[in-house]
Amino acid sequence: MDLLFAAKYPFTTGARSALLESGISMDEDTLQSGYERATVALSTGKLPKIAAELQSALVSQIASYASARMLLLALNNRYLTNRYAVAEAKRASAYLSGESEQNLELLCQELALRFEKNGRQYLLPFPEYLRFNPHSVDYRLSNRKISGGLVQVSPHERIRIMEEAIKARVGKLPDAKVPASVQPLAKKLLLHLPREELATVKLDSSNYPPCIQNMLVRLRMSENLPHTARWTLAVYLLRSGMKPEEIIGLFKNAPDYSEGTTRYQVEYLKQKGYAMPSCVTMDSYGICVARCRCASPVHYRKEKHGRFAEATRTDLQKGEPGTPSQETPEQTLAKKKWEDAKSRSQ
Amino acid sequence: MNSEEFVQRLFSDYYRSHQPAPNSLEKREFGFGGFEKKIEARHAWFKSQEALSKFLIVNTPFYLSYSAAYYEFPDARPMPKKNWLGADLIFDLDAPAHECGKFTCQICLEKIKAETLKLIENFLIPDFGFAKPDFAINFSGNRGYHLHIRHQSILELSREERRELVDYITGTGIEFASFFRTDENNRIYGPLPTDGGYYGKLARETISQLQDGKGEIVQILGKKFEKPPNAQKLIDGIRLGNWDAVRIIDKEKKFNEILKTLTIKLSDQVDANVTADTSKLIRVPNSLHGGSGLCAIDVKKGISDFNPLSDAVVLPATEVKVEISEPVPKIEMKNQTFGPYGKDAQITVPAYFAAYLICKRAAAIG
Ligand SMILES: [Zn+2]
């Protein structure tokens, strides 16, 4: 077993078996190392690369990853898990760009990404591409070369996609029981939750269009909003009179939040005074969620457009990918009618 | 016997000898509708083919729909309790509004058939790599076609991912800038015929129309390209990625327009939502449609030869007397021409045509 590989990529099955073989137990020291790893990841959003390459140091690196995840599992908090996953994925990605082709292939196998080499480019089956591309405008399928079910990506894009897959892998916690003794240490990680009072919208949001409300909900649930969504959300909120400071507070819920970058971006937007994109543009970004017929999100008024939005409301209730939608009001009504008829006939 | 009972009896008789047999029936949610409403109830579950067949014969709904999704507990509610296991990928193509109104004409039916073929032959097969056995096509029962893809690879796609597929086939989000680059001499370099996605489509379709000297693209490019020497020069250029071998005025605008001719037009957003909504109910293949009396029949023999107003007519030809309640245009069904009929006309026609008129609210049992 290549221990260095396992320590660089502690989410691999190889790393897991290396840990088992080493006979390291989840004692207090190991848990403490996991706590430290999680603390660095949650507080800075980043994780350093490996400093030493001593065999024993490598094994404890892997152990710290395993115990960090055990602590996160004990909390089962979506924000903390996502933020941790972002940091782990970034750390792994830092290795990927200098990695040997052989190791990259090994990792792709591990992540179930079936890249095929094609000249200087790579080809990826479209379902995997849809799942793990970073969802920025550059990756929209309409502008990609796709043939025979395979999407063409550059070597750099391949690594970005791997990073997303790693994020998903790290963020998916096992369905396992955690010993109660872990709880006290785990609870200390709750310190890293964003401060709630900063994250609440104080402005009257009743006239926010469904697309904006949807983004706010997703942000509150610590989902990773794509870049275009964040950009439009910030433009909208600035236009509606929210202060940059308040907007930055909102973004604290994003699992990959970095105060410096967010502040820079929001202030840049304010200074540039960008116009709000139209509904058509929003739709082409893939962030329009209701046919409310308002032409531009800034024109949305609940009284006027609310009922059109209602009619397409199903799309608003997004949960986990693949979670089925709620009933439409129409369906609820039909069900009620049917049940009324049934009770009358009994 | 009133008109509604008449149609229901025809449907019931039909279901005695022809039962829709949806795949993985016990994992799907069912919905049904009456004469007035397409979906009156949902969250129904059938434990076996026999249970479904019996239901169709005894209770005979006017509309039968099922979930594209597979669930562990199809009848549980609310929705999350069903436990979603995956869903077929559905494309719903419906003829856009036309003066023919509810009596969908042959022109409209041909148009939507062409669009369905384009989706299959220009997108699903070459771009997404599906093979013919991976999808089932059926007539929607009224004005279009449903494509059901049941390939393992797409069952677990999320809504966002399905939405992205719809955006692809409709060309939503195409950026002109990513297709062409302009060099320092303002010369346009663009896609090669061998490229994937819209890149290759654009190059291949432009070359093919230039070769024919006619077509939408040639029209957009301008009269100049109806002349073979100009056309040939541009073709030779495009084969090498040089889209500037012949001077084109307003090229950016024109290439943008050309890109639009390559996309699939889903009639409106509602149908885009059919694909993206992973818990949507859709017509069960081979069930009868209460808005036409036609069958949402599997298109087995090849869609190019399929004619709904003949191949989807499955009800008997027994003569029936009906009274026309609103003007009916000339309609050709099963190689027989009917009408036009004025209001209040008393006519004797085959049961399948009577059912068609009744379902369209244009006649009543006389
Ligand atoms: Zn028509």
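Residues numbered from 1 in each chain as written. Chains lettered and ligands numbered in written order. Predicted model: local features only at pLDDT ≥ 70, side-chain atom pairs only at ≥ 80, totals over all residues. Heavy atoms only, no water.

Undergrad: Break down the pairing of strand 2 (residues 121-125) of chain A for me, with residues and values.
TA: All names here are of chain A. A large share of strand 2 lies buried, amounting to 4 of its 5 residues. When strand 1 (residues 116-118) meets strand 2, the two strands line up antiparallel, connected through 3 bridges. Each residue of the ladder has a partner; that of Asn 118, found in strand 2, is Gln 121. Between strand 1 and strand 2, which pair antiparallel one after the other, the connecting turn spans 2 residues, and Gly 119 there sits at a positive phi close to 65°. Pairing geometry for strand 2 and strand 4 (residues 150-153), over 4 bridges, is antiparallel. In the sheet register, Pro 125 faces strand 4, and the bridge partner there is Leu 150. (Buried < 20%, exposed > 50% of the residue type's maximum accessible area, 1.4 Å probe, protein only. Helix = DSSP H or I, 4+ residues; strand = E, 2+ residues; numbered from the N terminus. Pairing = 2+ DSSP bridges.)

Undergrad: Which residues make up the sheet that holds strand 3 (residues 146-147) of chain A, and what values do they have?
TA: The strand order 1-2-4-3 (chain A) describes an open sheet built from 4 strands, whose pairing is antiparallel. Single-partner strands in this sheet number two, and they are strand 1 and strand 3 of chain A.

Undergrad: Describe the environment of Tyr 208 of chain A, and please don't skip the residues or the numbers.
TA: Relative to the helices and strands, Tyr 208 of chain A is located in the loop between helix 10 (196-199) and helix 11 (210-220). For the pair Tyr 208 of chain A and Leu 237 of chain A, spaced 29 residues apart in the sequence, the C-alpha separation amounts to 9.4 Å.

Undergrad: Lay out the pattern of salt bridges with the relevant residues and their values.
TA: A side chain of one charge can pair with a side chain of the opposite charge when the charged atoms of the two come close. Tallied over the entire structure, the rule returns 26 salt bridges over all chains. Between Glu 110 of chain A and Arg 169 of chain A there is a salt bridge, with the nearest N and O atoms lying 3.5 Å from each other. With a gap of 59 residues between them, Glu 110 of chain A in helix 6 (residues 101-110) and Arg 169 of chain A in helix 8 (residues 155-171) connect regions that are remote in the sequence. Accessibility expressed as a relative area gives 26% for Arg 169 of chain A, which makes it partly exposed. Asp 344 of chain B serves as the salt-bridge partner of Lys 343 of chain B, at 3.6 Å between the closest nitrogen and oxygen. A relative accessible area of 53% means that Lys 343 of chain B is categorised as exposed. On the basis of relative accessibility, which here comes to 45%, the residue Asp 344 of chain B falls in the partly exposed class. Connected via shared salt-bridge partners are Arg 140 of chain A together with Arg 163, Glu 164 and Asp 167 of chain B. (Salt bridge = Lys/Arg side-chain N within 4 Å of Asp/Glu carboxyl O.)

Undergrad: Just give me the short version of the sheet that holds strand 6 (residues 89-94) of chain B, but keep the residues and values in it.
TA: All names here are of chain B. In spatial order, the strands read 6-8-7; together these 3 strands make up an open sheet with antiparallel pairing. With partners counted over all chains shown, the strands left at the sheet margins are strand 6 and strand 7 (135-139), one partner each. Going across the sheet, the axis of each strand differs from the next one's by a mean of 15°, ignoring polarity. As paired strands, strand 6 and strand 8 (residues 144-149) are joined by 6 bridges and run antiparallel to one another. Its bridge partner being in strand 8, Ile 90 is matched across the sheet by His 148. Contacting strand 6, strand 7 and strand 8, helix 3 (residues 106-124) crosses the sheet at an angle of about 25° to strand 8. (Axes fitted to C-alpha atoms, helices over the stretch in contact; angles between N-to-C directions. Contact = heavy atoms within 4.5 Å.)

Undergrad: Describe in detail the confidence of the model for chain A, supporting the description with residues and values.
TA: Residue and element names in this part refer to chain A. Averaged over every residue, the pLDDT of chain A is 81; the share at 70 or more is 85%. Of the regions scoring below 50 in pLDDT, residues 197-201 engages in 13 contacts with residues more than four places distant in sequence or in other chains. Confidence over residues 313-346 falls short of pLDDT 50; this stretch has 59 contacts with residues more than four positions distant or in other chains. (pLDDT = per-residue confidence, 0-100.)

Undergrad: Give me the lowdown on the coordination of the zinc ion, citing residues and values where you can.
TA: For the zinc ion, every protein donor is listed as His 98 of chain B (ND1), Cys 100 of chain B (SG), Cys 105 of chain B (SG) and Cys 108 of chain B (SG), and the spread of their distances is 2.0 to 2.3 Å. Considering all 4 donor atoms around the zinc ion, angles at the metal cover 98 to 118° and the coordination shape is tetrahedral. (Donors = N, O, S within 2.8 Å, 3.2 Å for Na, K, Ca; no water. Tetrahedral: all angles 85-135°; square planar, octahedral: opposite > 155°, others 65-115°.)

Undergrad: Quick rundown of empty space enclosed by the protein? Include the residues and the values.
TA: To find leftover empty space, a probe the size of one water molecule is rolled over the atoms. By the definition in use, this model includes 3 cavities of 30 Å³ or more. What lines the largest cavity is Pro 209, Pro 210, Cys 211, Cys 279, Met 282, Cys 288, Val 289, Ala 290, Cys 292 and Pro 297 of chain A. Mapped by element, the contributors of at least two residues to the lining of the largest cavity are helix 11 and helix 15 (279-284) of chain A. Per-class residue counts for the lining of the largest cavity are 10 nonpolar, no polar and no charged. What lines the second largest cavity is simply Thr 104, Leu 109, Phe 139, Asn 142, Ser 292, Leu 294, Pro 308, Leu 309, Tyr 356 and Lys 360 of chain B. For the lining of the second largest cavity, the residue count by class is 6 nonpolar, 3 polar and 1 charged. (1 Å grid on protein atoms, 1.4 Å probe; cavity = no way out; pocket = protein on both sides within 12 Å on 5 of 7 lines; lining within 4 Å. Points joined across faces, edges and corners; volume = space filled by probe spheres on them. Nonpolar A, V, L, I, M, F, W, Y, C, P; charged D, E, K, R; others polar.)

Undergrad: Outline the packing of aromatic side chains, supporting the account with residue identities and numerical values.
TA: Each aromatic ring pair is specified by the distance between its two centres and by the angle formed by the two planes. All names here are of chain B. Following the criterion strictly, the structure yields 31 aromatic pairs over all chains and no others. For the ring pair Tyr 168 and Tyr 198, a centre distance of 5.1 Å and an interplane angle of 50° mean the geometry is tilted. On the criterion of sequence distance, the pair formed by Tyr 168 in helix 4 (residues 159-169) and Tyr 198 in helix 6 (residues 197-212) is long-range, its members being 30 residues apart. Of the two residues, Tyr 168 and Tyr 198, neither departs from the other in class, the shared state being buried. A ring pair is formed by Phe 179 and Tyr 199, whose centres lie 4.2 Å apart and whose planes are at 10°; its orientation type is stacked. With Phe 179 in helix 5 (residues 176-179) and Tyr 199 in helix 6, this pair connects stretches of sequence that are 20 residues apart. The exposure class of Phe 179 is buried, given its relative accessible area of 4%. Assessed through its relative accessible area of 7%, Tyr 199 is described here as buried. Sitting over the face of the ring of Tyr 66, Arg 28 holds its NZ or CZ atom 4.3 Å from the ring centroid. The ring of Tyr 352 carries Lys 334 above its face, with NZ or CZ at 5.7 Å from the centroid. (Phe/Tyr/Trp six-rings, centres within 6.5 Å; stacked < 30°, edge-to-face > 60°. Lys NZ or Arg CZ within 6 Å of the ring centre and 35° of its normal.)

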